[in-house]
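This is what each chain is made of:
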Amino acid sequence: MEITDVKARWKDVWFSFCLALLILTKLEGISAQIRYSIQEELKPGTAVGNVAKDLGLDLGRLADRNLRVVQGTKRDLFEVNPRDGVLLVNQRLDREELCAKTAPCVTNLKTVVENPLEMHQVVVEILDVNDNSPKFPEENYTLEVLESALVGSRFQLEGAHDLDVGLNSLHSYKLNPYQYFRLETEEFGDDGKVPFLVLQRPLDREHTAQHWLLLTATDGGKPSKSGTINVTVIVSDVNDNPPVCEKQKYTVTIKENAPVGTFLLTVNASDSDEGLNGEIEYSLKSKLKGLSSDTFDLDSKTGKLVVKGRLDYEETQVYEIKVLATDKGVVALSTLCSVIIRVEDVNDNPPEIEITSFSSRISEDAPPGTVVALMGVTDLDSGVNGQVVCSVPLHLPFDLKPSPDGQSYSLVTKDYLDKETTHMYTITVTAKDLGSPTLSSTKVIQVEVQDVNDNRPLFTESPYTFYVLENNKAGMSIFSVSATDADGGENAAVTYSLVRMSPGLTITTFLNINEANGTVSALKSFDFETLKTFQFQVVASDSGTPSLSNNVTVNVFILDQNDNAPVILYPLSSNGSAQGVEEIPR
């Protein structure tokens, strides 16, 4: 009797057994994987498969090896018979509860045996059975339709949902034969099929005030299951003119950086009815009822559409929204207008300048074209917004030379530099893209001009003229000369010396000049009666390499002092001297 029951159980189980056995030798254990496929809703105790047999275990030693199943979930969906190795259903298997809409629906188990210790992978795929009927949200649905509705008007109904998947899910809708309406369905992505009633002939409330329809939803299972909803169509009188949009499709383009509150357009609808039946309210709707936009805001009275949230071209380039224009009639009429909003990319990334090489000091005699710095330029934008042009102020003696690809620049001198005029240049490199509006960035570079010895010392006078009293004190200074050098540092340090014309005794042998300050001293006392004037030259030399120098002529006039007594020259005495000469003390 027990054997008969087991056979009957196996006959009741429809499953496809997929066995993929992969044996890997790893240390001392053996790992294998097997896979079973069973239908959901099998009774507890139903055999899934013989794990021991499929793993090639010795059934005779099975009791000693402590065969057991380890499950990763809190629920023990399966159990294994440790005597014969048969894997059994332990609890009710509901594929919809376990996996919802996920396909395939699999449960991973691990079988463990001891002596030696081994662990094997068991994958059980739970197949869907058609155990759920399509279900409508409510049993009854009321639809109000104006008696003036035009033939061909479409009215959206509540759709049904089926928890099953694949062929067992919702397949089609069917409407009981009725002369006034026919049924159409429309696909809406993840939400599946949505039913619409289409008016086939004009309605007359005075003739028939209500219509009762039966809508049936059927799945694709075999045998199929179905669900129904009672649809009551109430025919309303009066307000027989729905609002009409000025345009069936509005199109507008907006930049992605448009601030919240930016005006987009005004949706305008008109209603030829009077009073409340002609007053219109606007609302945002998506293709499915009840869904509104969080990105845009619509004034319900004026139809003015403005930006409500942040726009991002990289996320969404085009928005397609529906504006529902509804009148205020007792039975409101409405119409949908499409609004296409295109988001336009903006130039929101400024260029970046990176200095890759830089010489902070440039000699003032560097030839034009000397490279001062190398820099790279990048812009994260694309197209025109990513094209960059760099520049430096025109009044500076520097220029930028772009590379062939336009991604890097060389900062070079375009003229000779003059430290005596400008010893330091502050160069602002500006990078601008070609977007609109243009974005830019700057990088400041400071270049110090190094001095070269290119200026000779200049004397304050040329020539110098000095007047010196005779009988001056030997060794004392009598006058000084001075020269300046426009260079800096050692190149501007001036020393003085006398030009000695010949190796013999000249006037310069009686003069001395201080090398540091140009003070001239007389080494002897001058005598007007002997020397009334003389001339010499002074050389001023800087300390540059090579040294530059300049000379100046110095004219000196000796001024007479009354230092000689009168002498009688005639008549002469017999000895040849003047008679009666007497010197009077001074």
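Think of each chain on its own: its residues are numbered from 1, step by step along the sequence as written. In keeping with the model being predicted, local features are shown solely for residues with a pLDDT of at least 70 and side-chain atom pairs are shown and tallied solely at 80 or more, while totals for entire chains, interfaces and linings include all residues. The side-chain quantities take in all heavy atoms of the structure and omit both hydrogens and water.

1. Some points on the overall build of the protein
Only runs of H or I of at least four residues qualify as helices and only runs of E of at least two qualify as strands under DSSP, and these elements are numbered from the N terminus. Counting its regular elements, the protein contains three helices and 43 strands. Buried residues in the protein amount to 40% of all 586 residues. Only heavy atoms enter the contact rule, under which two residues are in contact if any of them lie within 4.5 Å. Considering only intrachain contacts with a sequence separation of at least 6, the fraction spanning at least 24 residues in the protein is 63%. Summed over all atoms, the accessible surface of the protein reaches about 33800 Å², with 51% contributed by carbon and sulfur. Using a 1.4 Å probe on the protein chains alone, a residue whose accessible area is under 20% of its type maximum counts as buried, one over 50% counts as exposed, and one in between counts as partly exposed. For the accessible areas, the method is Shrake-Rupley and the probe is 1.4 Å, while residue cover comes only from the protein chains on display.

2. Considering the packing of aromatic side chains
Stacked, tilted and edge-to-face are the three classes assigned to paired rings of Phe, Tyr and Trp, where Trp is represented by its six-membered ring and a pair needs centres within 6.5 Å; plane angles under 30 degrees give stacked, over 60 edge-to-face, the rest tilted. In the structure shown here, the tally under the stated rule is 12 aromatic pairs. When the centroid spacing of 5.3 Å and the interplanar angle of 80° are considered together, the rings of Phe398 and Tyr425 count as edge-to-face. Taken together, the positions of Phe398 in strand β31 (residues 398-402) and Tyr425 in strand β33 (residues 424-433) put the pair 27 residues apart, joining distant regions of the chain. Here the two residues Phe398 and Tyr425 agree in accessibility, since each one is buried. Look at Phe466 and Phe479: their rings are 4.0 Å apart centre to centre, the planes differ by 5°, and that puts the pair in the stacked class. Of the two residues, Phe466 is situated in strand β36 (residues 464-469) and Phe479 in strand β37 (residues 477-480); the sequence distance between them amounts to 13 residues. In this pair, the class of Phe466 matches that of Phe479, namely buried. Following the ring pairs from residue to residue traces out a cluster consisting of Phe459, Tyr464, Phe466, Phe479, Tyr496, Phe526, Phe534 and Phe536.

3. Here we look at the state of the cysteines
Defined by distance alone, a disulfide is two cysteine sulfur atoms within 2.5 Å. Tallying each qualifying case throughout the model produces one disulfide. With its sulfur 1.3 Å from that of its partner, Cys245 forms a disulfide with Cys337. Since a negative S-S torsion denotes a left-handed disulfide, the Cys245-Cys337 link at about 140° is right-handed. With Cys245 in strand β18 (residues 244-245) and Cys337 in strand β26 (residues 334-344), the pair connects residues that are 92 residues apart, well separated along the chain. Look at Cys245 and you get buried, because its relative accessible area is 6%. Judged by relative accessible area, Cys337 falls into the buried class, the value being 0%.

4. Considering the sheet that holds strand β14 (residues 181-187)
A pair of strands is treated as paired once DSSP finds two or more bridges between them. With respect to topology, three strands assemble into an open sheet ordered β12-β15-β14, the strand pairing being antiparallel. A strand with exactly one partner marks an edge of an open sheet, and here the two such strands are β12 (154-156) and β14. Strand-to-strand twist across the sheet, computed as the mean angle between neighbouring axes with direction ignored, equals 35°. One ladder, built from seven bridges, connects β14 with strand β15 (residues 193-199); its direction is antiparallel. Note that in β15 the partner of Phe181 across the bridge is Leu199. For helices, the fitted axis covers only the stretch in contact; all axes are lines through C-alpha atoms, and the angles between them, taken along N-to-C directions, range from 0 to 180 degrees.

5. Digging into unusual backbone geometry
Residue Pro116 is reached from Asn115 by a cis peptide bond, and omega for that bond is 0°. When you line up the elements, Pro116 lands in the loop between β9 (105-113) and β10 (118-127). Residues other than glycine seldom take positive phi values, yet Asn66 does so here, at roughly 55°. Structurally, Asn66 is set in the loop between α2 (51-55) and β6 (68-71). For Asn115, which is not a glycine, the phi torsion comes out positive at approximately 55°. The residue Asn115 is located in the loop between β9 and β10 in this model. A relative accessible area of 48% places Asn115 in the partly exposed class.

6. Let's talk about the side chain of Asn555
Position of Asn555 relative to the elements: it lies in strand β43 (residues 549-559). Given a relative accessible area of 17%, Asn555 falls into the buried group. Contacts of Asn555, omitting those with residues within four sequence positions, involve Pro463, Tyr464, Thr465, Phe466, Phe534 and Gln535.

7. Examining the sheet that holds β33
Overall, mixed pairing links the four strands, which are arranged β28-β34-β33-β30 in an open sheet. The sheet terminates laterally at β28 (361-363) and β30 (388-391), the two strands that pair on one side only. Averaged over all pairs of adjacent strands, the angle between their axes in this sheet comes to 30°, without regard to strand direction. Relative to strand β34 (residues 440-450), β33 runs antiparallel, the two sharing nine bridges. Paired with Lys432 across the two strands is Ser440, which belongs to β34.

8. Comments concerning the environment of Leu276
On the secondary structure map, Leu276 appears in the loop between β21 (269-270) and β22 (280-285). Classification of Leu276 by relative accessible area gives exposed; the value is 52%. It is 5.0 Å that separates the C-alpha atoms of Leu276 and Lys328, two residues lying 52 residues apart in sequence. Residues in contact with Leu276, not counting those within four places in the same chain, are Asp327, Lys328 and Gly329.

9. Describing the pairing of β15
Summarising burial for β15: six of the seven residues are buried, a large majority. Across three bridges, β12 lies against β15 in antiparallel orientation. Across the sheet, residue Phe155 finds its bridge partner in β15, namely Leu197.

10. Brief notes about a nonpolar patch on the surface
On the surface, Tyr467, Leu469, Phe557 and Leu559 cluster together into a nonpolar patch covering about 390 Å² of accessible area. Broken down by secondary-structure element, the contributors of at least two residues to the nonpolar patch are β36 and β43. Along the chain, Leu559 turns up in strand β43. What makes Leu559 partly exposed here is its relative accessible area of 35%. Patch building starts from residues that exceed 30% relative accessible area and form no salt bridge, then joins like charges within 9 Å and nonpolar side chains (Val, Leu, Ile, Met, Phe, Trp, Tyr) within 5 Å. Only one rule defines a salt bridge in this text: a Lys or Arg side-chain nitrogen within 4 Å of an Asp or Glu carboxyl oxygen.

11. So, the environment of Thr107
You can see Thr107 is positioned in strand β9. Classification of Thr107 by relative accessible area gives buried; the value is 11%. Between the C-alpha atom of Thr107 and that of Val122, which follows or precedes it by 15 residues, the distance is 8.4 Å. If near-sequence neighbours (up to four positions away) are discounted, Thr107 is found in contact with Leu77, Phe78, Val122, Val123, Val124 and Ile126.

12. Notes on the confidence of the model for the protein
For every residue, the predictor assigns a confidence score, pLDDT, that lies between 0 and 100. For the protein, per-residue confidence averages 83 on the pLDDT scale, and 88% of positions sit at 70 or higher. Low pLDDT (under 50) marks residues 1-30, which in the prediction has 44 contacts with non-local residues, meaning those over four places away or in another chain. With pLDDT under 50 throughout, residues 287-292 is counted as low confidence; its partners more than four residues away or in other chains account for 13 contacts.

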